[in-house]
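Here's the letter readout for the chains.
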Amino acid sequence: MKKLLLTSSALVFLLLSCNPSKEGSTSKTNTTDSLQTAVVYECPMKCEGKTYDKPGNCTVCGMELIVKK
């Protein structure tokens with residue numbers, strides 16, 4: 001029982017200490033964003049089959065990336 005309590009306490013401590021605070025955080029994500037699925041972008045020409053995590057242009061052909069369906 002003592003071992004279970006110690007393990008549970010350590011787990012709660014780790015979970016709370018890994019949560020970034022809102023003060024001083026430069027990240028624009030919050031808990032509701034992390035619950036949504038990530039948006040993945042790809043080249044409409046399917047160059048090299050790469051996917052990207054943010055919008056922009058393909059590094060191979062220069063075309064604007066689109067949201068992968």
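Read on for an overview of the structure. Remember, it's a predicted structure, so these values are computed and weren't measured experimentally. (Residues numbered from 1 in each chain as written. Predicted model: local features only at pLDDT ≥ 70, side-chain atom pairs only at ≥ 80, totals over all residues. Heavy atoms only, no water.)

Considering the sheet that holds strand β3 (residues 66–67)
Now for step 1: Strands sit in the order β2-β1-β3 across an open sheet of three strands; the sheet is antiparallel. This sheet does not close on itself; its edge strands, each paired only once, are β2 (51–52) and β3.
Now for step 2: The pairing of strand β1 (residues 41–42) with β2 spans two bridges and is antiparallel. Pairing of Tyr41 across the sheet is with Tyr52, part of β2. (Pairing = 2+ DSSP bridges. Helix = DSSP H or I, 4+ residues; strand = E, 2+ residues; numbered from the N terminus.)

A word on empty space enclosed by the protein
Now for step 1: If you walk through the whole model with that rule in mind, you get one cavity of 30 Å³ or more.
Now for step 2: The wall of the largest cavity is formed by Glu42, Cys43, Lys46, Cys47, Gly49 and Lys50.
Now for step 3: Residue composition of the lining of the largest cavity, grouped by class: two nonpolar, one polar and three charged. (1 Å grid on protein atoms, 1.4 Å probe; cavity = no way out; pocket = protein on both sides within 12 Å on 5 of 7 lines; lining within 4 Å. Points joined across faces, edges and corners; volume = space filled by probe spheres on them. Nonpolar A, V, L, I, M, F, W, Y, C, P; charged D, E, K, R; others polar.)

Such coordinate-based values are descriptive only and should not be taken to indicate function.
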